[in-house]
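Chain by chain, the residues run as shown.
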Amino acid sequence: MPFTRDALADAAALIYRQMPPTPQFAWPLLGQRLGAEVWVKHENHTPTGAFKIRGGITFIDWLRRAHPEVRGIVTATRGNHGQAQARAAAAAGLTAKIYVPQGNAREKNAAMRGFGAEVVEFGADFDSAKAEAMHVAAAEGLFPVPPFHPELLRGVATYGLELLTAVPDLATIYVPIGCGSGICGTIAARDALGLKTEVVGVVSTEAAAAKLSFETGQIVETASANTFADGVAVRAPVPEAFAIYSKGAARILAVSDAEIADAVRIFFHDTHNLAEGAGAVGLAGLIQERDRQQGKRVAVILSGANMDTEMTARVLAGTL
C-alpha cells in the first residue's frame, strides 16, 4: 500500500490539528558513544507519549467519514495503540472498548481509562486479547480496529516523513517491530520521498516472529512473546505488514532483554529521555551494529516512553 508524498502530507496536516510535529535531535553523547552521528526521532514527545497517536487520529477520521453509523470501537493493545484509539474515539464522540492481556501494565491501563476507554483484561498475551476483541466486535456491534490498516499506516508514516524531510541523507534508520505499523510507515515515507535510506527492523529475541518470517520468506509464529518490552511482544506477524517489510526492510535484528534494558539506560544517560522497553529496541539494534555504522549518519526511533514506575526503577537501577 504505497503512499504518495501528497497523501502523507494530507495526513500530517490532519494530525497537526491535534498535535505539533515531534522533534528529531542529533545527541552528541550518543554519537560519541557509538562513533556515528546519531539522530533520535522523539515519538515519546506526543500527547500519549508514543507514536501510535498518529494512526489513531487518521483512522478515526476515516472511520467517521466511511462509517458514520458506528457508535463505538473495540481493539486490543499492550497500551500505546489503545491510548491512541481511546483519545481519538472520545474526541469523535465514540465509545472505546480496549482489550489487554491479563497482567498488562497498570499505568498504561490507567492512561487508557483516562482517555475514556473501557479496559478489559483477557488472555495470556496480546494475540489472545486481539482474538477476543475481534469476537466481541460482532457480538456487541462495535467497529473492530485491527492492529494494521491503511489509515493507521498513513498516520504513522508521518513521523518518517518528518524525520526524512529534516534529515534526508540518513544512511540507516532503526525501527522497533511489534505489529509492524512503525517499520512499514518508515518504509512508506522513505519510498514516497524517493530516498535510499536503509530501514532496519528490530525485534526482541523473545518475540522474534518478524525476524524469523523475514528470513524464511513466510509467516512464522512463535509459541510465546515474553519480553518486558511489551510494545513488541507479538507472537504472530500481521500478514499485511509482513508483505511490506519483507520487501522494504534491509534486514531485521533481534536484541535481548538485557540489551534493551541497557539501551533504556543509555537513552536516559545520554539524552535524559525515558524510553519504554519497545521504545529503546531501535537503539539496542544500532548498538549491536555499531561497528557497521562508524562515521555514518543514522537514526533511531524512540517510539514511546510509557513504562510503569516500578519497571522503570528496576531498569534504571540495573536490576532487570
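Note that this is a predicted model, so its numbers are computed, not measured.

Peer 1: Can you lay out the overall build of the protein chain for me, pointing to particular residues and giving the numbers?
Peer 2: Each helix and strand counted, the protein chain has 13 helices and 10 strands in total. For the protein chain, the spread of C-alpha atoms along the principal axes amounts to about 55 × 45 × 40 Å. Counting every position in the protein chain, which comprises 320 residues, the buried fraction comes to 60%. Restricting the contact set of the protein chain to residue pairs at least 6 apart, pairs at least 24 apart contribute 73%. Split by element, the accessible area of the protein chain, about 12,000 Å² in all, is 53% carbon and sulfur. Side-chain charges of the protein chain comprise 29 positive and 32 negative groups, with the mean position of each set lying 3 Å from the other.

Peer 1: An account of the pattern of salt bridges is requested, with residue identities and associated values reported.
Peer 2: Counted under the stated rule, the structure contains 20 salt bridges. Between Asp169 and Arg297 there is a salt bridge, with its nearest N and O atoms 2.5 Å apart. Taken as a pair, Asp169 in the loop between helix H7 (150-166) and strand S7 (172-176) and Arg297 in strand S10 (residues 297-302) lie far apart in primary sequence, 128 residues in all. Assessed through its relative accessible area of 45%, Asp169 is described here as partly exposed. Take Arg297: its relative accessible area is 28%, and that puts it in the partly exposed class. Between Lys211 and Glu215 there is a salt bridge, and its shortest N-O distance comes to 2.5 Å. In this pair, Lys211 and Glu215 both sit in helix H9 (residues 209-216), four residues apart, roughly one turn of the helix. Through salt bridges that share partners, Lys41, Glu43, Arg54 and Glu162 make up one connected network.

Peer 1: I'd love a proper account of the nonpolar core, names of residues and values included.
Peer 2: By size, the foremost hydrophobic cluster in this structure holds 49 residues, and its most contacted members are Leu170, Ile173, Ile183, Cys184 and Tyr245. With seven residues, the top contributor of residues to this core is H7. With sequence-adjacent residues up to four places away left out, Leu170 is seen in contact with Trp39, Leu163, Leu164, Thr197, Arg297, Val298 and Ala299. Grouped together as the second largest cluster of nonpolar side chains are 32 residues, Val40, Val202, Phe228 and Val298 included.

Peer 1: Let's hear about the sheet that holds S10: which residues, and what values?
Peer 2: One open sheet accounts for six strands, arranged S1-S2-S10-S7-S8-S9; its pairing is mixed. This sheet does not close on itself; its edge strands, each paired only once, are strand S1 (24-26) and strand S9 (251-255). Neighbour to neighbour, the strand axes of the sheet diverge by 25° on average, direction disregarded. Note that S1 and strand S2 (residues 37-42) share three bridges and pair antiparallel. Within the sheet, the bridge partner assigned to Gln24 lies in S2 and is Lys41. Packed onto the sheet, helix H8 (residues 181-193) meets S7 and strand S8 (198-204) and runs at close to 180° relative to S8. Where H9 meets the sheet, it contacts S8 and S9, and its direction lies at approximately 145° from that of S9.

Peer 1: With reference to specific residues and values, describe the pairing of S7.
Peer 2: Within S7, five of the five residues are buried, which leaves it mostly tucked inside the rest of the structure. Of the two faces of S7, the one lined by Thr172, Tyr174 and Pro176 and the one lined by Ile173 and Val175 are each fully buried. Relative to S8, S7 is paired through five bridges, and the arrangement is parallel. Note on S8: the bridge partner recorded for Thr172 is Glu198. In this region the chain leaves S7, passes through H8 and returns to the parallel neighbour S8; the handedness of that crossover is right-handed. Taken together, the three bridges between S7 and S10 define a ladder with parallel strand orientation. Paired with Tyr174 across the strands is Val300, a residue of S10.

Criteria and cut-off values
Residues numbered from 1 in each chain as written. Predicted model: local features only at pLDDT ≥ 70, side-chain atom pairs only at ≥ 80, totals over all residues. Heavy atoms only, no water. Helix = DSSP H or I, 4+ residues; strand = E, 2+ residues; numbered from the N terminus. Buried < 20%, exposed > 50% of the residue type's maximum accessible area, 1.4 Å probe, protein only. Contact = heavy atoms within 4.5 Å. Areas by Shrake-Rupley, 256 points an atom, 1.4 Å probe, with all protein chains shown as cover. Lys, Arg positive; Asp, Glu negative; His and termini not counted. Charge placed at Lys NZ, Arg CZ, Asp CG, Glu CD. Salt bridge = Lys/Arg side-chain N within 4 Å of Asp/Glu carboxyl O. Core = buried A, V, L, I, M, F, W, Y, C linked by side-chain atoms within 4.5 Å. Pairing = 2+ DSSP bridges. Axes fitted to C-alpha atoms, helices over the stretch in contact; angles between N-to-C directions. Right-handed = clockwise from strand over helix to strand, strands pointing away.

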